[in-house]
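Read off the chains here:
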Amino acid sequence: MTTLTIIATILFSLILLGYLGAPLWVGSLGGVVLLWAVQPPIGVWSATIASLLILNIPILRQSIITAPIMGGLKKWQILPKISETEKAAIEAGTVWVEGEFFTGKPNFHRILSEPYPQLTPEIRAFLDGPVEQVCRMASDWEIYQRQDLPPQVWDYLKQERFFGMMIPEEYGGLGFSNLAYSAVMAKLASRSFTHVATVGVTNSLGPAKLLLRYGTEDQKSHYLPRLASGEDIPCFALTEPQAGSDAASITSSGEVFKGDDGRLYLKLNWNKRYITLGAIATLLGLAVQLHDPDNWLGKGEHPGITCALIPIQTPGIIHNRRHDPMGVPFYNSPLEGHDVIVPVEQIIGGVEQAGQGWKMLMQSLAAGRGISFPATCTGVTKLASRVAGAHAVVRKQFGLSIGRFEGVEEPLARMGGLTYIIDAVRLYTCGAVDNGEQPAVVSAIAKSQTTELARRVVMDGMDIFGGSGICRGPRNLLANVYTAIPIAITVEGANILTRSLMIFGQGAIRSHPYIYDEISAMERSDVVAFDRAFWPHLGLIMRSGVRAGLLSLTGGRLARSPVPGETAIYYQKLAWASATFANLSDLAMFSLGGSLKRRETLTGRFADILSWMYLGSATLRRFETEGQQTEDLPLLHWAMQYTFAQIQQAIEGIIYNLPILSTGLWKPILGIWRLNPMGTLPSDGLGHQVAKILQTPGTGRDRLTTGIFLPRHPEEAIGRLEQALCLSRQVEPIIKTIKNAILTGQLPKARPIELVDVALEEGIINADEAMLIHNAEVLRSNTIQVDSFTLEEYQQRNSVFTGPQLLEQIVSVS
């Protein structure tokens with residue numbers, strides 16, 4: 001063999017080792033073999049061997065190489081500093097499958113083996129019983145007319161323990177799993193957003209959840225049964241005029257003092273806003289900055305953010321006002337407290353938990369927002385997709401159902417594909433939380449992505465309904481959902497903040513296999529710990545770089561797929577996306593250092609890649625778990641192709657805006673990337689198949705939209721629309737027979753619907769068929785009507801509760 005051949009072989013071997021992620025000693029051995037092949041001068045040989053020995057003997061490597069590297073990184077602030085507030089947020093929860101994507105080589109066997117939960121018969125009975133019943137008790141239109149849930153609905157929610165779904169049975173609650181709670185919320189959301197806003201707060205972020213995790217036994221035994229039965233209505237007050245997304249900067253205060261009776265008390269002052277259920281709550285969870293000037297608690301003069309329970313009737317509390325969030329009639333209110341006095345025992349968890357409020361809130365949010373919001377969005381998007389598909393068949397223009405037009409098929413396909421993704425995310429995330437995980441980054445992804453995708457779905461639905469979508473009334477199925485969606489976008493971490501700061505800004509530190517360990521070691525000046533993280537991290541950079549390059553050249557086909565068949569390419573592309581993401585992440589972190597946190601357009605794009613890799617994984621997991629339904633293949637293909645198109649767009653945005661890649665050296669590589677894209681948007685033909693699923697009664701449509709409230713009675717708008725869809729599909733073969741008769745000259749040229757009687761007379765159709773067409777046309781005509789009101793009705797409908805009316809309403813509910 002020639003020297004050139006030997007060198008090429010060794011280089012190929014080194015690339016292969018890099019692709020596989022061989023450990024340091026194997027790479028070093030490869031270097032020795034390369035030296036042997038090249039036969040360099042003895043000085044080069046000796047120096048190289050000495051260097052390799054230093055690299056592979058930890059005690060030498062740490063003192064000679066690692067310590068200076070750590071010192072340089074600290075001096076030049078290459079890695080970001082983490083404040084105590086950020087540390088609490090980063091350490092909240094656990095790292096779950098999102099950590100796989102930072103490795104550049106995700107373990108798909110793990111991703112596919114994570115729990116994917118199923119509803120128990122008991123929960124299905126609850127969904128078919130109490131949940132079905134409460135949905136029947138009041139339509140969304142009735143709730144909007146009253147500007148509140150009717151009293152009988154409030155009573156029923158309390159009676160059936162809807163406010164205690166997540167409270168264990170030992171305290172009088174239902175003891176539901178997160179999956180069960182999610183299924184209930186999805187069905188309620190398909191009826192009215194007011195239901196989920198009301199039920200969600202009592203079960204998600206609020207006093208009950210904090211009590212279960214941190215409360216004393218006395219607090220649990222006293223408050224939890226009252227919360228489960230609805231005897232106490234809870235709320236939680238965090239947001240302030242000067243502390244919204246930056247919740248850690250709250251100025252509401254509590255001061256510890258000793259009373260005349262010798263007991264310790266808190267004097268509380270606050271000004272909160274956006275507090276759901278605030279105006280009707282009887283038990284207030286409150287976050288304040290706690291001060292203890294005399295150090296009565298033994299935790300210093302400023303223990304920090306503390307959470308406490310305040311009975312709403314305590315003197316000094318003002319709770320008689322109400323916000324109007326987008327006209328959605330759930331209680332959302334400002335709350336004030338002036339010199340409110342309560343015993344220190346009202347601190348959640350007792351005196352021991354004073355100053356631990358921020359940690360409590362971050363750990364509760366770590367999983368909570370990944371459950372409620374995807375559930376709500378699932379219910380909303382399933383409803384929107386189902387009714388838009390039906391409307392596209394029933395509504396006709398130019399003699400055709402509007403769903404036959406490609407301009408309508410396009411948004412219909414998007415609705416179906418995104419709904420499939422959203423439900424997959426809901427189920428996959430529920431499985432993790434029910435399995436004991438608290439995936440903070442995944443929860444942030446699930447909340448922000450499902451709400452954004454739901455907004456897109458609802459907007460598409462509004463476009464398809466056209467004029468009937470913007471005229472409000474009992475016939476309108478989407479207008480109230482459309483106005484409510486911005487609320488979900490905004491609350492519990494506004495999506496702009498979540499995308500640009502949290503998912504990658506904090507997620508990269510929390511979920512990366514080495515970054516947090518490196519930062520922590522640097523803060524402690526622990527060379528040994530830094531050494532254990534830094535060198536594997538360097539190996540990860542090399543491996544992900546080699547993998548990203550080779551997978552890009554091969555379109556991902558070099559990667560292994562855990563499953564065969566037509567979905568295998570999606571796993572291969574996810575491996576490609578992961579390697580590219582890991583490589584670009586490390587490149588950005590080391591080139592921009594601590595300033596990366598301020599480059600929010602870049603971190604937002606990194607968040608998009610991470611988010612869509614998770615969404616894609618959840619979608620594939622769903623398809624496998626549900627038995628690889630052939631009918632669902634168009635939905636899966638559309639969802640995955642859309643996923644990779646989003647990843648492609650985000651990667652391009654990073655490549656063209658990351659300063660280190662703006663030099664001419666990288667332009668050929670960027671050209672190769674554009675010539676071999678990771679993904680493009682789904683084709684029109686695929687979109688047609690997805691749109692057809694939504695417009696065709698059957699198992700595919702039912703499976704996509706399962707779990708929502710579907711009244712069958714024609715007096716209900718949904719029931720009427722469903723019947724009109726079924727009849728419209730039933731008469732299509734009969735209409736086609738009439739059209740054929742026109743083409744053959746048996747019937748004169750005219751609209752088929754105008755020739756029904758003539759076709760009957762000529763024996764082209766029979767009497768039953770003629771009656772079916774007549775009934776379908778009558779129902780279709782009724783279904784497409786829109787609401788209108790007299791001037792007096794309209795003025796009365798738009799009156800709002802003010803002054804004494806509002807107070808009377810609050811008293812009646814409480």
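Computed from a predicted structure; not experimentally measured. (Residues numbered from 1 in each chain as written. Predicted model: local features only at pLDDT ≥ 70, side-chain atom pairs only at ≥ 80, totals over all residues. Heavy atoms only, no water.)

A. Main features of the overall build of the protein. Along the protein, the regular secondary structure elements total 33 helices and nine strands. Rg of the C-alpha trace for the protein: 31 Å, near the compact-globule value of 28 Å for 814 residues, within the 12% margin. In terms of its C-alpha atoms, the protein occupies a principal-axis envelope of roughly 105 × 90 × 45 Å. Considering the protein as a whole, with its 814 residues, one finds that 56% of them fall into the buried category. Within the protein, contacts between residues separated by at least 24 positions form 76% of all contacts whose residues are at least 6 apart in sequence. Per element, the accessible surface of the protein, about 34400 Å² overall, is 56% carbon and sulfur. If you average the places of the 69 positive and of the 74 negative side-chain charges in the protein, the two averages end up 7 Å apart. (Helix = DSSP H or I, 4+ residues; strand = E, 2+ residues; numbered from the N terminus. Rg over C-alpha atoms; globule rule 2.2 N^0.38 Å. Buried < 20%, exposed > 50% of the residue type's maximum accessible area, 1.4 Å probe, protein only. Contact = heavy atoms within 4.5 Å. Areas by Shrake-Rupley, 256 points an atom, 1.4 Å probe, with all protein chains shown as cover. Lys, Arg positive; Asp, Glu negative; His and termini not counted. Charge placed at Lys NZ, Arg CZ, Asp CG, Glu CD.)

B. Up close: the confidence of the model for the protein. Averaged over every residue, the pLDDT of the protein is 91; the share at 70 or more is 92%. Across residues 800-814, confidence stays below pLDDT 50; counting only partners more than four residues off in sequence or on other chains, it has 21 contacts. (pLDDT = per-residue confidence, 0-100.)

C. A look at helix α24 (residues 600-625). If you check α24, its first and last C-alpha atoms are 37 Å apart, about what 26 residues at 1.5 Å a residue would give, namely 38 Å. Count one or two residues on from α24 and you reach G627, which has phi positive near 85 degrees. (Expected span 1.5 Å × (residues − 1).)

D. Highlighting helix α4 (residues 58-75). Of all the bends in α4, the greatest reaches close to 40 degrees and is centred on T66; the proline P68 follows between one and four positions later. Residues of α4 that are buried include every one of R61, Q62, T66, M70 and L73, and no others. Looking one or two residues past α4, Q77 carries a phi angle of roughly 50 degrees, positive in sign. (Bend = angle between axes of the 7 residues up to and from the residue.)

E. Geometry of the environment of R475. Mapped onto the elements of the fold, R475 is located in the loop between α18 (467-470) and α19 (479-490). Considered as a pair, R475 and E716 are 241 residues apart in the sequence and their alpha carbons are 7.9 Å apart. One polar contact links the side chain of R475 to the main-chain carbonyl oxygen of N782, over a distance of 2.7 Å. (Polar contact = N/O pair within 3.5 Å; in protein donor to acceptor, adjacent residues only side chain to side chain.)

F. How the structure looks around the side chain of E132. You can see E132 is positioned in helix α8 (residues 121-137). According to the relative accessible area criterion, E132 is buried, its value standing at 14%. At 2.6 Å, the side chain of E132 forms a polar contact with the side chain of K187. In contact with E132, other than residues within four places in its own chain, are L127, K187 and F709.

G. Molecular detail of the packing of helix α17 (residues 440-465) against helix α20 (residues 495-511). Viewed as axis vectors pointing N to C, α17 and α20 meet at an angle of 155 degrees, and their least axial separation amounts to 9 Å. In terms of axis orientation, α17 runs roughly antiparallel to α20. The interaxial crossing formed by α17 with α20 has left-handed handedness. Residue-level contacts link V441, A444, I445, K447, S448, T451 and E452 of α17 to N495, T498, I503, G507 and S511 of α20. Here the residues of the contact of α17 with α20 sort into four nonpolar, six polar and two charged. (Axes fitted to C-alpha atoms, helices over the stretch in contact; angles between N-to-C directions. Parallel < 35°, antiparallel > 145°, perpendicular 65-115°, else oblique. Left-handed = near helix turned anticlockwise from the far one by under 90°. Nonpolar A, V, L, I, M, F, W, Y, C, P; charged D, E, K, R; others polar.)

H. Geometry of the pairing of strand β7 (residues 332-343). Pairing geometry for strand β3 (residues 264-276) and β7, over nine bridges, is antiparallel. Considered in β7, the bridge of T276 is made with N332. Across two bridges, strand β6 (residues 317-318) lies against β7 in antiparallel orientation. Bridge pairing links I317 to G337 in β7. (Pairing = 2+ DSSP bridges.)

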